[in-house]
Amino acid sequence: MNKPVIILGDGGHASVLAEILLLEQRNVLGYTSPEPNKVFFSLNYLGADEAIRAFDPSEVELVLGLGSVNLPYVRSTIFQHFKMLGYTFVTVIHPSAIIAPSAKVEEGCQIMAGSIMQTNSVIEENVILNTGTKVDHDCSIGCHSHIAPGVTISGGVQIGDTTHIGTGATIIQGIKIGSHVLIGAGSVVINDIADGKTVYGVPAKEAKQ
Ligand SMILES: CC(=O)SCCNC(=O)CCNC(=O)[C@H](O)C(C)(C)COP(=O)(O)OP(=O)(O)OC[C@H]1O[C@@H](n2cnc3c(N)ncnc32)[C@H](O)[C@@H]1OP(=O)(O)O
């Protein structure tokens, strides 16, 4: 049986997740945020994130509602903090997402409306496949990475951890993208990208320092 859920955050990303959870009739105990937000789906305000510690880790599950427009370090830190305290994160999948039976989705991943994940692809914990992303066959995406809306990832692409692929980017087949990489919106990636690089453009090139 599903446990009650607490949402961390009350911004745009959290609201998309809240709507999925409510659509699926999950019991949402409330949300955390530095300040209460009067319009957040009439959900209960529980206090700042540390208010979660009043709940036993065996009795609730968490949903990480913080989005990211850049490298997702804050998401990674919060996820690891609450995992160390013994909490688990809900894997949230919008009912319109299409996930191949052989694909693997780890704990705390968030797969938004209209996304497609093809045969043998794997996403590690806390990955976001944002609205309408396409991850084709035999891809792997490392933990905490954020694939922003409308990204297309061709077959056999490997992406490291804590990487951000910007809105609408396209990655051709067989490319290897490292960890902590930032790819600009609308880029077309046709070459491998080493750890820690920022690239953008068509074709994507390393940003001037
Ligand atoms: C649901 C959601 O909303 S999820 C959020 C999704 N959002 C994203 O994915 C955002 C991704 N971020 C980007 O694309 C950003 O533009 C970045 C990170 C690549 C660059 O940001 P910044 O470092 O602030 O760069 P800045 O805006 O100062 O631009 C620097 C130069 O790069 C160019 N540039 C920036 N982004 C891009 C891009 N995506 N493609 C091509 N050129 C770009 C600018 O035109 C500028 O060129 P100039 O120096 O010749 O004038």
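Residues numbered from 1 in each chain as written. Predicted model: local features only at pLDDT ≥ 70, side-chain atom pairs only at ≥ 80, totals over all residues.

Engineer: Go over the confidence of the model for the protein, please, and point to the residues and values.
Structural biologist: Low pLDDT marks regions whose predicted coordinates should not be analysed in detail. Confidence in the prediction of the protein, expressed as mean pLDDT, is 96, and 100% of residues score 70 or more. Confidence estimates for the predicted assembly give a pTM of 0.97 and an ipTM of 0.97. (pLDDT = per-residue confidence, 0-100.)

Engineer: So what's going on with the UniProt feature "binding site: substrate" (unreviewed entry) in the protein? Residues and values would help.
Structural biologist: UniProt records the feature "binding site: substrate" (unreviewed entry) for Gly67 in the present numbering. Assignment of secondary structure puts Gly67 in the loop between β4 (61-64) and α2 (73-84). Aside from chain neighbours lying at most four places away, what touches Gly67 is Gly11, Gly12 and His13. (UniProt positions renumbered as here; feature names shortened; annotations may be inferred. Helix = DSSP H or I, 4+ residues; strand = E, 2+ residues; numbered from the N terminus. Contact = placed C-beta atoms within 7 Å.)

Engineer: Go over the domain arrangement of the protein, please, and point to the residues and values.
Structural biologist: Taken domain by domain, the protein consists of domain 1 (5-90) and domain 2 (91-204). Between domain 1 and domain 2, the C-alpha centre-to-centre distance is 23 Å. Facing the 17 residues of domain 1 at the interface are 15 residues of domain 2. Counting only elements with at least two residues in the side of domain 1 that touches domain 2, the list comes to α1 (12-23), β4 and α2. Its residues placed into classes, the side of domain 1 that touches domain 2 shows 12 nonpolar, four polar and one charged. (Domains from an automatic or database assignment. Nonpolar A, V, L, I, M, F, W, Y, C, P; charged D, E, K, R; others polar.)

Engineer: Give me the lowdown on the UniProt feature "binding site: acetyl-CoA" (unreviewed entry) in the protein, citing residues and values where you can.
Structural biologist: Following the UniProt record, one finds the feature "binding site: acetyl-CoA" (unreviewed entry) at His146. With respect to the secondary-structure elements, His146 resides in strand β14 (residues 146-147). On the basis of neighbour counts, which here come to 25 C-beta atoms within 10 Å, the residue His146 falls in the buried class. When residues no more than four places from it in sequence are discounted, the contact partners of His146 are Ser68, Pro72, Ile128, Asn130 and His164. (Buried ≥ 20, exposed ≤ 12 C-beta atoms within 10 Å, placed from the backbone.)

Engineer: So what's going on with the pairing of strand β1 (residues 5-8)? Which residues, and what values?
Structural biologist: Covered by surrounding structure in β1 are Val5 and Ile7 together with Ile6 and Leu8, the residues of both alternating faces. Both β1 and β4 contribute to a ladder of four bridges, which runs parallel. Looking at the pairing, Ile6 lines up with Leu62 of β4. Relative to strand β2 (residues 28-32), β1 runs parallel, the two sharing four bridges. Within the sheet, the bridge partner assigned to Leu8 lies in β2 and is Thr32. (Pairing = 2+ DSSP bridges.)

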